Protein chains: 2
Amino acid sequence: MTYDLIIIGAGPAGVSAAVYATRQKLSILMLSKDIGGQVAKKAVDIENYPGFEKISGPDLVDLYKKQLKANDLSVTLGEVVGIEKNDNIFSVKTVDDKEYKAISVIVTSGAESKLIHVPGEEEFAGKGVSYCSLCDGPVFKNKDVAVVGGGNNGFETAVFLSNYVKSVKVLEYGEKANADAENQELVAKNPNIEVITNAQVTKIEGKVFVSAIYYEDRANKKEKKIDVSGVFVEIGYSPSTNFLGNLVDLNEKNEVIFNSETLETKTPGLFSAGDCNVSRYKQIVMASGQGALAALSAYNYIRKVS
Amino acid sequence: MTYDLIIIGAGPAGVSAAVYATRQKLSILMLSKDIGGQVAKKAVDIENYPGFEKISGPDLVDLYKKQLKANDLSVTLGEVVGIEKNDNIFSVKTVDDKEYKAISVIVTSGAESKLIHVPGEEEFAGKGVSYCSLCDGPVFKNKDVAVVGGGNNGFETAVFLSNYVKSVKVLEYGEKANADAENQELVAKNPNIEVITNAQVTKIEGKVFVSAIYYEDRANKKEKKIDVSGVFVEIGYSPSTNFLGNLVDLNEKNEVIFNSETLETKTPGLFSAGDCNVSRYKQIVMASGQGALAALSAYNYIRKVS
């Protein structure tokens with residue numbers, strides 16, 4: 001069958017797009033690796049999504065699931081590896097060799113944690129090296145840990161971990177940490193968190209599990225060692241856009257470039273919403289707004305071509 | 001005192017902007033005629049705001065109020081009548097002759113119901129002519145009413161009213177009603193609602209209260225009369241942008257034109273979010289996303305100039 005619309009991804013943008021599209025009576029396939037995207041992994045409560053004074057990431061994902069169900073929507077689990085457009089029909093291919101067809105596609109594939117690319121990172125992944133403090137944090141009760149990255153994600157991770165661990169060292173490459181004022185304040189008043197700036201991580205060491213992280217102090221070029229049981233990598237995200245091939249233009253960060261009024265990419269009928277695109281800020285409420293806009297734009301496109 | 005930021009309006013865009021701005025530790029004045037804007041007047045439950053399967057407008061506004069309170073934010077009630085920028089400081093004047101100063105301003109003043117401008121409309125406003133079915137609908141229990149306008153607002157109003165009234169006639173000027181598929185279906189299966197297209201409303205008649213509405217059938221130019229006790233005007237909204245003077249450029253609908261990446265208007269430091277601007281769709285989740293974006297853009301502006 002040919003769907004009206006395939007939505008790739010089921011994070012805030014994908015869920016919002018699906019809710020809007022189904023209210024336009026479109027036939028929809030939601031195709032995603034997971035439900036909730038980064039929201040499902042958020043280490044601290046969400047306090048900036050309008051309508052909720054405070055809600056945990058997993059709780060918000062549960063509400064997404066309920067809302068999808070109430071709209072008779074379900075998510076087909078699958079990792080998209082390629083997409084083509086022929087004779088005005090899109091074919092979306094998944095890693096398990098399935099192929100799905102639709103008149104229009106909205107890409108809300110989000111972003112993946114960036115790696116630091118140092119010796120030991122790959123070897124100890126899942127053995128002390130983590131990209132999800134919410135998933136793994138409680139395991140490090142009363143241990144010393146390091147967080148790599150001094151942006152909002154790094155600071156939020158440090159604050160979250162401080163509830164469990166003995167100490168957190170935040171290693172920031174730059175001269176100063178870029179986390180916002182609120183997070184800076186939370187970290188500053190937390191005696192268990194220390195922020196080390198000018199720190200370039202050089203390796204992660206251990207036997208079976210992580211035992212230490214090394215960094216070069218960029219001010220004096222000296223290498224230093226910190227004994228830690230865990231390393232949480234929070235240096236940002238890379239957009240998941242490799243599968244899009246030449247159907248879209250990407251910027252230098254591999255983010256999808258779009259028409260900001262409609263969210264359409266350079267390929268007619270192919271739209272993008274959320275963290276995989278060039279929007280300056282990656283926020284749940286903004287991704288949600290974009291999902292809705294992409295759905296209404298897709299609806300107009302489908303009505304025009306079919 | 002000079003605030004970092006004045007936010008004009010306290011609907012979805014204004015609330016979202018305030019929550020984001022306060023997390024950046026900005027000093028904020030929220031200035032608005034009301035809290036919740038159009039959301040407070042919504043006649044049917046909201047089913048397309050991500051995170052809520054279904055929520056009434058007033059309930060969502062209550063959640064906004066709670067969230068503002070949790071962030072130590074309050075709304076100063078006041079109607080803005082003018083705004084100026086001198087020496088990089090904005091002065092915002094209200095109808096009661098007060099003046100407030102700030103480094104940056106976000107305009108989220110939303111939109112007001114459009115009038116049909118026919119004889120009787122002004123005379124019977126509040127006496128059968130209504131622009132808020134949620135506020136006034138229950139008064140018309142077991143009566144016959146008309147809804148002017150066949151867009152989503154008109155159809156939703158008709159469906160809402162059908163719970164109370166004996167019959168609803170929807171009068172649509174165009175050849176077909178523009179409401180979306182979901183609303184068309186709801187109306188089609190409701191025996192108490194009739195949609196009349198090609199209908200140009202000509203006057204509203206009554207003694208103390210409304211007793212009839214007249215329209216010209218545009219197909220045959222004949223005037224027809226319908227006996228009704230209530231007329232609900234739902235022909236759309238006009239942006240509340242008159243007070244902005246020459247600080248902004250407006251499009252032909254009087255909507256604020258902005259840079260779509262930052263939401264900044266032509267005046268540096270003056271931003272716009274929500275229904276008062278040129279965005280194609282007016283949706284709660286989109287206004288919320290824009291509020292957040294405007295706040296972060298304003299923060300960058302304030303950091304740069306102060």
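The structure presented is a predicted model; accordingly, all values stated were derived computationally and were not measured. (Residues numbered from 1 in each chain as written. Chains lettered and ligands numbered in written order. Predicted model: local features only at pLDDT ≥ 70, side-chain atom pairs only at ≥ 80, totals over all residues. Heavy atoms only, no water.)

Turning our attention to the sheet that holds strand E13 (residues 210-217) of chain A. All names here are of chain A. With respect to topology, three strands assemble into an open sheet ordered E12-E13-E14, the strand pairing being antiparallel. If you trace the sheet from one side to the other, it starts and ends with strand E12 (199-206) and strand E14 (222-227), each paired once. Strand after strand, the sheet turns through a mean of 25° between neighbouring axes, direction not considered. Pairing of E12 with E13, which is carried by seven bridges, proceeds in the antiparallel orientation. Bridge assignment links Lys203 to a residue of E13, and that residue is Tyr214. (Pairing = 2+ DSSP bridges. Helix = DSSP H or I, 4+ residues; strand = E, 2+ residues; numbered from the N terminus. Axes fitted to C-alpha atoms, helices over the stretch in contact; angles between N-to-C directions.)

Before going further, it helps to spend a moment on the relation of the copies chain A and chain B. Under the fitted operation, chain A is carried onto chain B by 0.0 Å of movement along the axis and a turn of 180°, and the coordinates agree to an RMSD of 0.1 Å. Expressed as a symmetry operation, the mapping of one chain copy onto the other fits a two-fold axis. Measuring from the rotation axis to each C-alpha of chain A, the shortest distance belongs to A:Gly289, at 2.7 Å. Take the interface residues of chain A: 100% of them recur as interface residues in chain B, which is what a same-surface contact looks like. (Least-squares fit on C-alpha atoms with pLDDT ≥ 70 in both. Contact = heavy atoms within 4.5 Å.)

Residue and element names in this part refer to chain A. Tallying each qualifying case throughout the model produces one cavity of 30 Å³ or more. Of the volumes computed, that of the largest cavity is approximately 40 Å³. As for the largest cavity, its lining consists of Gly274, Asp275, Asn277, Ser279, Tyr281, Lys282, Gln283, Met286, Ala287 and Gln290. Of the residues that constitute the lining of the largest cavity, the class distribution is three nonpolar, five polar and two charged. (1 Å grid on protein atoms, 1.4 Å probe; cavity = no way out; pocket = protein on both sides within 12 Å on 5 of 7 lines; lining within 4 Å. Points joined across faces, edges and corners; volume = space filled by probe spheres on them. Nonpolar A, V, L, I, M, F, W, Y, C, P; charged D, E, K, R; others polar.)

Our next topic: the pattern of salt bridges. Between side chains of opposite charge, pairing is possible as soon as their charged atoms come close. Throughout the structure, instances matching the rule amount to 29 salt bridges over all chains. The salt bridge partner of A:Lys33 is A:Glu112, with a shortest N-O separation of 2.5 Å. Here the residue A:Lys33 occupies a position in the loop between strand E2 (28-32) and helix H2 (57-70), and A:Glu112 occupies one in strand E7 (residues 111-113), the gap between them amounting to 79 residues. The class of A:Lys33 is partly exposed, set by a relative accessible area of 47%. On the accessibility criterion, A:Glu112 (35% relative accessible area) is partly exposed. When the shortest N-O distance is used, the salt bridge between A:Lys282 and A:Glu255 registers 3.2 Å. Placement of A:Lys282 in the loop between strand E17 (270-272) and helix H6 (284-305) and of A:Glu255 in the loop between strand E16 (237-239) and E17 is noted, with a sequence separation of 27 residues between them. Judged by relative accessible area, A:Lys282 falls into the partly exposed class, the value being 31%. Three or more residues joined by partner-sharing salt bridges are found here, namely A:Arg23, A:Lys25, B:Glu47, B:Lys54, B:Glu182 and B:Glu185. (Salt bridge = Lys/Arg side-chain N within 4 Å of Asp/Glu carboxyl O. Buried < 20%, exposed > 50% of the residue type's maximum accessible area, 1.4 Å probe, protein only.)

Right, let's get into the side chain of A:Glu234. All names here are of chain A. You can see Glu234 is positioned in the loop between strand E15 (230-233) and E16. Assessed through its relative accessible area of 8%, Glu234 is described here as buried. In this structure the side chain of Glu234 is engaged in a polar contact, spanning 3.3 Å, whose partner is the side chain of Thr157. Discounting chain neighbours no more than four positions away, the residues touching Glu234 are Tyr131, Val147, Val148, Gly149, Asn153, Gly154 and Thr157. (Polar contact = N/O pair within 3.5 Å; in protein donor to acceptor, adjacent residues only side chain to side chain.)

Our next topic: the interface of chain A and chain B. Contacts between the two partners involve 39 residues from chain A, matched on the other side by 39 residues from chain B. On the chain A side of the contact with chain B, A:Tyr20, A:Arg23 and A:Tyr281 bury the most area, a combined 18% of that side's loss. Linking chain A with chain B are 10 salt bridges. Residue A:Arg23 is joined to B:Glu47 by a salt bridge in which the shortest nitrogen-to-oxygen separation is 3.2 Å. (Buried area = accessible area lost by both parts, 1.4 Å probe.)

What follows deals with the domain arrangement of chain A. All names here are of chain A. According to the domain assignment, chain A contains domain 1 (2-112 + 237-305) and domain 2 (129-233). Here the C-alpha centroids of domain 1 and domain 2 sit 32 Å apart. Residue-level contacts link eight residues of domain 1 with seven residues of domain 2. Taken together, the two surfaces of domain 1 and domain 2 that pack against each other cover about 590 Å², and 62% of this comes from carbon and sulfur. Sorting the residues of domain 1 by area buried against domain 2 places Lys41, Ala43 and Val44 first, and these three jointly supply 66% of that buried surface. Across the contact surface, domain 1 and domain 2 share zero salt bridges. For the interface between domain 1 and domain 2, the tally reads zero residue pairs in polar contact (both at pLDDT 80 or more). Tallied by class, the residues present in the side of domain 1 that touches domain 2 amount to five nonpolar, no polar and three charged. (Domains from an automatic or database assignment.)

Note on strand geometry: in a regular strand, side chains alternate between the two faces of the sheet. Pairing geometry for E13(A) and E14(A), over six bridges, is antiparallel. Looking at E14(A), one finds that A:Tyr215 is bridged to A:Lys224.

Relative to each other, H6(A) and helix H6 (residues 284-305) of chain B sit at 135°, their axes nearing to 7 Å. Between H6(A) and H6(B), the angle falls in the class oblique. In this structure, H6(A) meets H6(B) at a crossing whose hand is left-handed. On the side of H6(A), the interface is formed by A:Val285, A:Met286, A:Ser288, A:Gly289, A:Ala292, A:Leu293 and A:Leu296, while H6(B) contributes B:Val285, B:Met286, B:Ser288, B:Gly289, B:Ala292, B:Leu293 and B:Leu296. Residues of the contact of H6(A) with H6(B), tallied by class, amount to 10 nonpolar, four polar and no charged. (Parallel < 35°, antiparallel > 145°, perpendicular 65-115°, else oblique. Left-handed = near helix turned anticlockwise from the far one by under 90°.)

The next thing to look at is the packing of helix H1 (residues 12-23) of chain B against helix H2 (residues 57-70) of chain B. Residue and element names in this part refer to chain B. Where H1 contacts H2, the axes come no closer than 10 Å and their chain directions differ by 20°. By the angle between their axes, H1 is roughly parallel relative to H2. The crossing of H1 and H2 is left-handed. Within the contact between the two elements, H1 uses Pro12, Val15, Ala18 and Val19 and H2 uses Tyr64, Gln67 and Leu68. In the contact of H1 with H2, the residues fall into six nonpolar, one polar and no charged.

Next up on the list: the pairing of strand E9 (residues 144-148) of chain B. Residues and elements named next belong to chain B. Summarising burial for E9: four of the five residues are buried, a large majority. Of the pairings in the sheet, the one linking E9 to strand E10 (residues 167-171) comprises five bridges and is parallel in character. Bridge pairing in E10 links Asp144 to Ser167. For the crossover that starts at E9, traverses helix H4 (residues 152-162) and ends in the parallel E10, the hand is right-handed. Of the pairings in the sheet, the one linking E9 to strand E15 (residues 230-233) comprises four bridges and is parallel in character. (Right-handed = clockwise from strand over helix to strand, strands pointing away.)

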